[in-house]
Structures are given as C-alpha cells and as structure tokens.
Amino acid sequence: MASFFAAVSGGSGASSYALQTARREAQQAEQTARSLRSEAQSAQRSADEEQARADSLQAQTAKADDRSDSARRNVASMSQAQAAAAPRSVPFVNAAGQATGLLLNAVA
C-alpha cells in the first residue's frame, strides 16, 4: 500500500503505473471471486445431490426394515402353525389293533 501511495504522488508516469497496477489487482480479485463463487456453487450442488442420495437411502432402509419385520413375523407364524399341526403322540397300532407304542415324527 505504501508503495502505491508513493507511486501516485511521484508524477504522471508513476501514477499511470500505479493505476495499471490497481486495475490489474482489481481484475485478479474479481477473477478470484468468480472462481471461488463457481466452486462454492459446485460444492453446494454436490452437497444437495448427496443429501438427496442420503434421503433416498433412508427411505430404502425403512422399506427394507419393514420387509424384514414382515418376513420374521411370517417365519414365526409358520413355525407356530407347524408346531401346532404336528401330532404330539400318535399310537402305533399292530395288525391285531392293539396300541403297542407311539409313532414318532422323525422328519427334521
């Protein structure tokens, strides 16, 4: 800054140089600002896309949890139905019609 003021007060050649330097610095600052603005907008778009992706994954997770809960309930229900339908003790009857023991369900 001090050199800028010294150059301005030094004469017309110096003030012309100082003016050019100030214009160059202003242009560079504007270019930097545009570049940073562009990067910020790009980063915001990326963040928005990632948020949308996260929201979508959350929705998919909720659906998967619901399907999992439903499948577990179905398994429990079917297991209870099978257990209720399986005979507990079936008498084994011989040819003479006498009960001689119990028939076991050996299917596993």
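This structure is a prediction, so every number in the text was calculated from the model and none was measured.

Chemist: Could you clarify how one ought to interpret the overall build of the protein chain in this entry?
Modeler: Helix and strand counts for the protein chain stand at two helices and two strands. Reading the helices (α) and strands (β) of the protein chain from amino to carboxyl end gives α-α-β-β. When each of the 108 residues of the protein chain is scored for burial, the buried share is 3%. Summed over all atoms, the accessible surface of the protein chain reaches about 9300 Å², with 55% contributed by carbon and sulfur.

Chemist: Would you mind going over the confidence of the model for the protein chain with me for this structure?
Modeler: Caution is warranted with low-pLDDT regions, since their predicted coordinates should not be read in detail. Per-chain confidence: the protein chain averages 83 in pLDDT, with 75% of residues scoring 70 or above. For the protein chain, helix α1 (residues 2-9) is the element with the lowest average pLDDT, namely 50, and helix α2 (residues 12-85) is the one with the highest, namely 94.

Chemist: Would you explain the pattern of salt bridges in this entry?
Modeler: A pair can form between side chains of opposite charge whenever their charged atoms are brought close. What the rule picks out here adds up to one salt bridge. One salt bridge connects Arg53 with Glu50, and the closest N-O pair in it is separated by 3.7 Å. Taken together, the residues span about one helical turn, with Arg53 and Glu50 both in helix α2 at a distance of three residues. When its relative accessible area of 51% is taken as the criterion, Arg53 is described as exposed.

Quick notes on the rules
Residues numbered from 1 in each chain as written. Predicted model: local features only at pLDDT ≥ 70, side-chain atom pairs only at ≥ 80, totals over all residues. Heavy atoms only, no water. Helix = DSSP H or I, 4+ residues; strand = E, 2+ residues; numbered from the N terminus. Buried < 20%, exposed > 50% of the residue type's maximum accessible area, 1.4 Å probe, protein only. Areas by Shrake-Rupley, 256 points an atom, 1.4 Å probe, with all protein chains shown as cover. pLDDT = per-residue confidence, 0-100. Salt bridge = Lys/Arg side-chain N within 4 Å of Asp/Glu carboxyl O.

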